[in-house]
Amino acid sequence: PLNDKPYQEGGGTKTPAVYAEMGVFMTMASRITGENRYKEAVIRLTDRLVQEYPDYEYYGHTTSSRMARLLMLLLSVQLTGERNYQELINIIIDYLAALQLPCGGIYAEGNLTLEGNVQVNHEGGITTPWDSDYISDQLYCVNNILAALSMLKKLPENSGILKEKGLDVFQKLLKYEKNIF
């Protein structure tokens, strides 16, 4: 096990929800500035999360939302060519594809517990207008899935990653989004 004491004392957390967007920003900053320190920091962090997977600290997000954020982080590093997270990326693509409903929306797992042990079927935020359909909210989960899966377009065809499957989920979800708004 990793020694997390200094990391935790510094206010760190292991959930990918916190780091995904920053990881994408940092890899972009590295490409733009040519400074490897940004990319190296993201790689260290991502390696750590992969080592901890799936035992993160969870807070207030459904599994699909956490997985979408982790996918975003993994793909941002994968696209640097410095690491190969193909196995975990494919696990996440399979997971998200399994949650896609015939309408194209993503099923909101009922695994989010809020304060007071209240079980809910969607994240807080902007939800679809139909409370009984169990479709993930449009603010966190769906946007993060679309952002993550859009990154698949940059991968080469022979990457070993389920690119076609992921892009199929992306297209169906995008069509669903366009139809509800």
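This text follows the structure it describes.
Here the structure is a predicted model, which is why all the values come from computation and not from measurement. (Residues numbered from 1 in each chain as written. Predicted model: local features only at pLDDT ≥ 70, side-chain atom pairs only at ≥ 80, totals over all residues. Heavy atoms only, no water.)

Trainee: Account for the pattern of salt bridges, naming residues and giving values.
Mentor: The tally for this structure, following the rule as stated, stands at six salt bridges. Taking the shortest distance from any N to any O, the salt bridge between aspartate 94 and lysine 165 comes out at 2.5 Å. Of this pair, aspartate 94 sits in helix H5 (residues 86-98) while lysine 165 sits in helix H7 (residues 163-180), and the two are 71 residues apart along the sequence. In this structure lysine 165 comes out as partly exposed when scored by relative accessible area, which is 37%. (Salt bridge = Lys/Arg side-chain N within 4 Å of Asp/Glu carboxyl O. Helix = DSSP H or I, 4+ residues; strand = E, 2+ residues; numbered from the N terminus. Buried < 20%, exposed > 50% of the residue type's maximum accessible area, 1.4 Å probe, protein only.)

Trainee: Explain the packing of helix H4 (residues 63-78) against H5 residue by residue, including any values.
Mentor: With their axes 10 Å apart at the nearest point, H4 and H5 run at an angle of 145 degrees to one another. For the element pair H4 and H5, the recorded crossing hand is left-handed. Seen from H4, the contacting residues are Thr63, Ser64, Met67, Ala68, Leu70, Leu71, Leu74, Leu75 and Gln78; seen from H5, they are Gln86, Leu88, Ile89, Ile92, Ile93, Tyr95 and Leu96. Considered class by class, the residues forming the contact of H4 with H5 number 12 nonpolar, four polar and no charged. (Axes fitted to C-alpha atoms, helices over the stretch in contact; angles between N-to-C directions. Left-handed = near helix turned anticlockwise from the far one by under 90°. Contact = heavy atoms within 4.5 Å. Nonpolar A, V, L, I, M, F, W, Y, C, P; charged D, E, K, R; others polar.)

Trainee: Describe the side chain of lysine 39, and please don't skip the residues or the numbers.
Mentor: Mapping lysine 39 onto the fold places it in helix H3 (residues 36-52). Contacts of lysine 39, omitting those with residues within four sequence positions, involve Met26, Ser30, Thr80 and Glu82.

Shape is all these values report; function is a separate question.
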